[in-house]
Amino acid sequence: DAGVIQSPRHEVTEMGQEVTLRCKPISGHDYLFWYRQTMMRGLELLIYFNNNVPIDDSGMPEDRFSAKMPNASFSTLKIQPSEPRDSAVYFCASSPPGVYEQYFGPGTRLTVT
Amino acid sequence: AQSVTQLGSHVSVSEGALVLLRCNYSSSVPPYLFWYVQYPNQGLQLLLKYTSAATLVKGINGFEAEFKKSETSFHLTKPSAHMSDAAEYFCAVSVTNTGNQFYFGTGTSLTVIP
């Protein structure tokens, strides 16, 4: 199994630009989570989906952030417009049905200048 | 509400010494508990989990953790530290009525001194 796949692994962009992060969960997993990790705030849950439906987006910082899951094998996290304070490592994780485990991807390191 | 507290954001041990990383949880219902490890520039990897079976849980790389309900604790231990154990360790809690949502602690950075 390839594990959770995230792309890109590194993204450097200028303030005001749109950023799209991508995630492919492990096949057969029905939960998908987006996290953000910073030194100041640690690991924060942004949003999670069950069977492609958003369940809880209370962690999304503001309207500049949006996430979609058009099918079971793909999800995006979009930031528009990006700001320097969005610089962080963004992780995607997935979870199989009936099993309390989360499998993390390698993360996308986002730098907004 | 569920939460996790990790005591000590930084822990240093000598190679070969006991590793003890502390985790206390708060949960109104029986929890599931987890330890994850994060190596530099990598994602989180599951070390071990407690899901209401045996209270002493063994994980990968020689780590184990004991669930103590009376103390609401789930401390992570390893008898003898190895240089390769240097990493960030996260404790997490989940409960059945929140789906698969995990609540992570703030992490403990483990340094192993040669």
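Placed above this text is the structure.
The notes below deal with the structure included here. (Residues numbered from 1 in each chain as written. Chains lettered and ligands numbered in written order. Predicted model: local features only at pLDDT ≥ 70, side-chain atom pairs only at ≥ 80, totals over all residues. Heavy atoms only, no water.)

### Side note on the packing of aromatic side chains
- One pass over the full model with this rule turns up 18 aromatic pairs over all chains.
- Summarising the aromatic geometry, the rings of F104 of chain A and Y36 of chain B are spaced 5.6 Å apart at their centres and angled 75° between planes, so their arrangement reads as edge-to-face. Of this pair, F104 of chain A sits in strand β10 (residues 103-104) while Y36 of chain B sits in strand β4 (residues 32-38), which puts the two residues in different chains.
- An angle of 50° between the planes, with centres 6.4 Å apart, marks the rings of Y50 of chain B and F74 of chain B as tilted. (Phe/Tyr/Trp six-rings, centres within 6.5 Å; stacked < 30°, edge-to-face > 60°. Helix = DSSP H or I, 4+ residues; strand = E, 2+ residues; numbered from the N terminus.)

### Topic: the side chain of Q6 of chain B
All names here are of chain B.
- One can find Q6 in strand β1 (residues 3-7).
- Residue Q6 is classed as buried on the basis of its relative accessible area of 7%.
- Of note is the side chain of Q6, whose polar atom sits 3.1 Å from the backbone nitrogen of G107.
- Of note is the side chain of Q6, whose polar atom sits 3.3 Å from the side chain of T108.
- Q6 has contacts with R22, W35, Y89, F90, C91, G105, T106, G107 and T108, leaving out every residue within four places of it along the chain. (Buried < 20%, exposed > 50% of the residue type's maximum accessible area, 1.4 Å probe, protein only. Polar contact = N/O pair within 3.5 Å; in protein donor to acceptor, adjacent residues only side chain to side chain. Contact = heavy atoms within 4.5 Å.)

### As for the layout of surface pockets
- When its volume is computed, the largest pocket comes out at roughly 640 Å³.
- Taken together, 26 residues make up the lining of the largest pocket; nearest its centre are Q37 and M39 of chain A together with Q38, E88 and F90 of chain B.
- If you list the elements that add at least two residues to the lining of the largest pocket, you get β4 (31-38), β5 (42-50), β9 (88-95) and β11 (108-112) of chain A together with β9 (87-94) of chain B.
- For the lining of the largest pocket, the element with the most residues is β9 of chain B, which contributes three residues.
- For the lining of the largest pocket, the per-class residue count stands at nine nonpolar, 14 polar and three charged.
- In this structure, the second largest pocket encloses a volume near 150 Å³.
- In terms of lining, the second largest pocket is formed by Y25, S27, V29, P30, P31, Y32, Y50, S52, F67, K69 and T72 of chain B.
- Considered class by class, the residues forming the lining of the second largest pocket number seven nonpolar, three polar and one charged. (1 Å grid on protein atoms, 1.4 Å probe; cavity = no way out; pocket = protein on both sides within 12 Å on 5 of 7 lines; lining within 4 Å. Points joined across faces, edges and corners; volume = space filled by probe spheres on them. Nonpolar A, V, L, I, M, F, W, Y, C, P; charged D, E, K, R; others polar.)

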